[in-house]
Amino acid sequence: MGVDLHASAMRESGTAYRGVKLLHDPVHNKGTAFTAEERAVLGLKGLLPPRAQSMDLQVQRAMENIRVKNNDLERYVFLSALQDRNETLFYRVVMDHLKELMPIIYTPTVGEACQKFGHIFRRPRGLFISREDKGHIHDVLQNWPHEDVKFIVVTDGERILGLGDLGADGMGIPIGKLALYTACAGIHPTQCLPITLDVGTESKDRLSDPLYIGTQARRLKGSDYDELIEEFMVAVTTQFPGVVVQFEDFANHNAFRLLRTYQDRFCVFNDDIQGTASVTMAGLLSALKVTHKPLTDQKLLFFGAGEAGIGIGHLISGAMESEGLSLAEARQRCWFFDSTGLVTKSRTNLAEHKLPFAHDGVFTDNLLEAVNRLRPTALIGVSGMPQTFTKEIVEAMSSFQDRPIIFALSNPTSKSECTAKQAYKWSNGKAIYASGSPFDLVDYKGQTFVPGQANNAYIFPGLGLGLLVSGAERVTDELFAIAARSLADQVRESDLAVGRIFPALETIRTVSAQIA
Ligand code: NAD
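Residues numbered from 1 in each chain as written. Predicted model: local features only at pLDDT ≥ 70, side-chain atom pairs only at ≥ 80, totals over all residues. Heavy atoms only, no water.

### Considering the pairing of strand β4 (residues 244–247)
Looking along a regular strand, one sees side chains alternate from face to face of the sheet. Side chains V244 and Q246 of β4 all project onto a buried face; the interleaved residues V245 and F247 project onto the opposite face, where all are buried too. As paired strands, strand β2 (residues 151–155) and β4 are joined by four bridges and run parallel to one another. Paired with I152 across the strands is V245, a residue of β4. (Buried < 20%, exposed > 50% of the residue type's maximum accessible area, 1.4 Å probe, protein only. Helix = DSSP H or I, 4+ residues; strand = E, 2+ residues; numbered from the N terminus. Pairing = 2+ DSSP bridges.)

### Notes on the side chain of S512
Secondary-structure assignment places S512 in helix α24 (residues 508–515). Given a relative accessible area of 1%, S512 falls into the buried group. Those residues within four positions of S512 in sequence are excluded, and the remaining contacts are C184, A185, P461 and G462. (Contact = heavy atoms within 4.5 Å.)

### A word on the pattern of salt bridges
Here the structure, examined in full by the defined rule, presents 29 salt bridges. A salt bridge links K134 to D224, with the nearest nitrogen and oxygen atoms 3.7 Å apart. Taken as a pair, K134 in the loop between β1 (127–130) and α10 (137–142) and D224 in helix α13 (residues 222–239) lie far apart in primary sequence, 90 residues in all. Looking at K134, the relative accessible area reads 27%, which means it is partly exposed. We note a salt bridge from D360 to K345, for which the minimum N-O separation is 3.9 Å. On the criterion of sequence distance, the pair formed by D360 in the loop between β7 (334–337) and α18 (367–374) and K345 in the loop between β7 and α18 is long-range, its members being 15 residues apart. Judged by its relative accessible area of 57%, D360 is exposed. A network of salt bridges, in which partner residues are shared, links D156, E158, D165 and R219. (Salt bridge = Lys/Arg side-chain N within 4 Å of Asp/Glu carboxyl O.)

### What about the packing of aromatic side chains?
Evaluation of the coordinates by the stated rule reveals 14 aromatic pairs. Among the aromatic residues, those joined into a ring-pair cluster are Y424, Y433, F439 and F449. The ring of F78 carries the charged tip of R85 above its face, separated from the ring centre by 5.9 Å. The ring of F357 carries R331 above its face, with NZ or CZ at 5.9 Å from the centroid. (Phe/Tyr/Trp six-rings, centres within 6.5 Å; stacked < 30°, edge-to-face > 60°. Lys NZ or Arg CZ within 6 Å of the ring centre and 35° of its normal.)

### Some thoughts on the nonpolar core
Among the nonpolar cores identified, the biggest contains 139 residues, and V93, I152, I195 and F232 are the most heavily contacted of them. Once you skip the residues sitting within four places of it in the chain, F232 turns out to touch I129, I137, I152, V154, I195 and L197. (Core = buried A, V, L, I, M, F, W, Y, C linked by side-chain atoms within 4.5 Å.)

### As for the packing of helix α11 (residues 172–185) against helix α21 (residues 460–470)
Interaxial distance between α11 and α21 falls to 8 Å at its minimum, and their mutual angle equals 75 degrees. The pairing of α11 with α21 is recorded here as roughly perpendicular in orientation. Along the contact surface, α11 presents K177, L180, Y181, C184 and A185, while α21 presents F460, P461, G462, G464 and L465. Residue composition of the contact of α11 with α21, by class: seven nonpolar, two polar and one charged. (Axes fitted to C-alpha atoms, helices over the stretch in contact; angles between N-to-C directions. Parallel < 35°, antiparallel > 145°, perpendicular 65-115°, else oblique. Nonpolar A, V, L, I, M, F, W, Y, C, P; charged D, E, K, R; others polar.)

### Observations concerning helix α5 (residues 72–85)
Helix length check: α5, at 14 residues, gives a terminal C-alpha distance of 20 Å against a target of 20 Å (1.5 Å per residue), a fit within 8%. Considered for burial, the residues of α5 that qualify are L73, R75, Y76, V77, F78, L79, L82, Q83 and D84. The inward-facing, buried residues of α5 abut α4 (55–68), α6 (87–96), α7 (98–105), α8 (109–115), α9 (117–120) and α11. Backbone nitrogen of L73 and a side-chain oxygen of the N-cap are separated by 3.1 Å at the start of α5; the cap is N71. (Expected span 1.5 Å × (residues − 1). Polar contact = N/O pair within 3.5 Å; in protein donor to acceptor, adjacent residues only side chain to side chain.)

Below, the structure written as structure tokens:
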């Protein structure tokens, strides 16, 4: 950026920063990359080491620092600090090394970071809105320094990845997701606002940990909770007109309800329900290019009947309907197995979100038995329960499908229903596999498999960019179906040939633009 551009950018953002103040502003700081001319004009002489260095050199230094760290959590801490002092460099580093760094700024490492958030905490980012702010949320929003906010990712921390209630420590998730809006779809960082609703926690560890960053009280519930959310939604949409609100990692008893309450009133979506559905449907459509079977012939068995599973079930049954089945026929092709067992009509007290998929059938609490009885074409793990797709289950799937589709989507890696290696090995190399968190390449019987990652980042940044440029006022399910088909269309034969049912991560900017 030349001096004039830089100065005008600073005038526009209302921050006529110079000198030390400029170096401490992560949005405009360029570190050692300020040129001699800029240093003279902006009062930086002497405040920086004398040699001006290019962005490439800065990237090289950052990567040296990252690679020398002992573990991924330390890499996360380093990258957070970089984001806090020089956002331009942070995004250059992330974008140039997306495959290497996405697992750090997002799942799986962000999960560990959230678990230890209070212990690795250095500097705040985003807004914390606590239960004490009820009645004054509008005032809290006034403290945010940027006016042109277009994307809010908000969590209440009750169900962080598959890790449970982490309370305010869940802030790592909105921060990480919004970083992906910028890295994957070019949304300006100042248009992104991470928010944590600190409504308490049921986590005993956090309630007694002196370093916990949130309010040490049990969760708000019932009408107190609902009123806080209502005030929040009205306040953010008033303060930031046209903003897209992405609900993230709410527990499923609130997630479905909040989506239903707000999706026709504001521009909102729930990434765990709808984004996951979209990326998984894309994975399934790609897998069908390998099996050469129509979508309407599929029978899916979901292990886990929460936000992810039910969201996928609805989107895919909708897609089957658009390809000729009645909705009832389409739903009949989606079976669910939850913590009690197979979701059948005979069960009492089923949660409301499971009812559309409760079918006639004999109940079993044994997954292997359900697999043998239903003979599904695809088994989709969204349970948060690790190592539950056993050798017997994968072998059973392989005995009645030439190419069994096995998605083990639970995050982080430690929670996945089976690893990529297990799926390939137990299916004798036949499984079409995808996971939620990334797995390394697998060499099996002379073939190298590239396991696909059903990463929501393939969908939400591109979809968000589309919402932004079109000025859409609502986020409909149809948009997620279109995004899924667009993503599947971008998978190449060369991807499928190595077992990857998603495009290479390095192409994600193009993928996002296409989806948008
Ligand atoms: P959720 O809490 O809404 O649902 C979990 C479901 O699993 C519930 O229906 C529960 O009954 C079921 N379950 C729990 N224990 C079980 C057991 N022992 N046997 C069978 N079922 C059991 O959570 P969610 O939002 O649906 O997420 C579930 C998992 O999916 C998480 O690990 C999450 O990280 C992962 N996920 C992956 C992606 C992705 O890969 N893109 C996206 C979203 C969620």
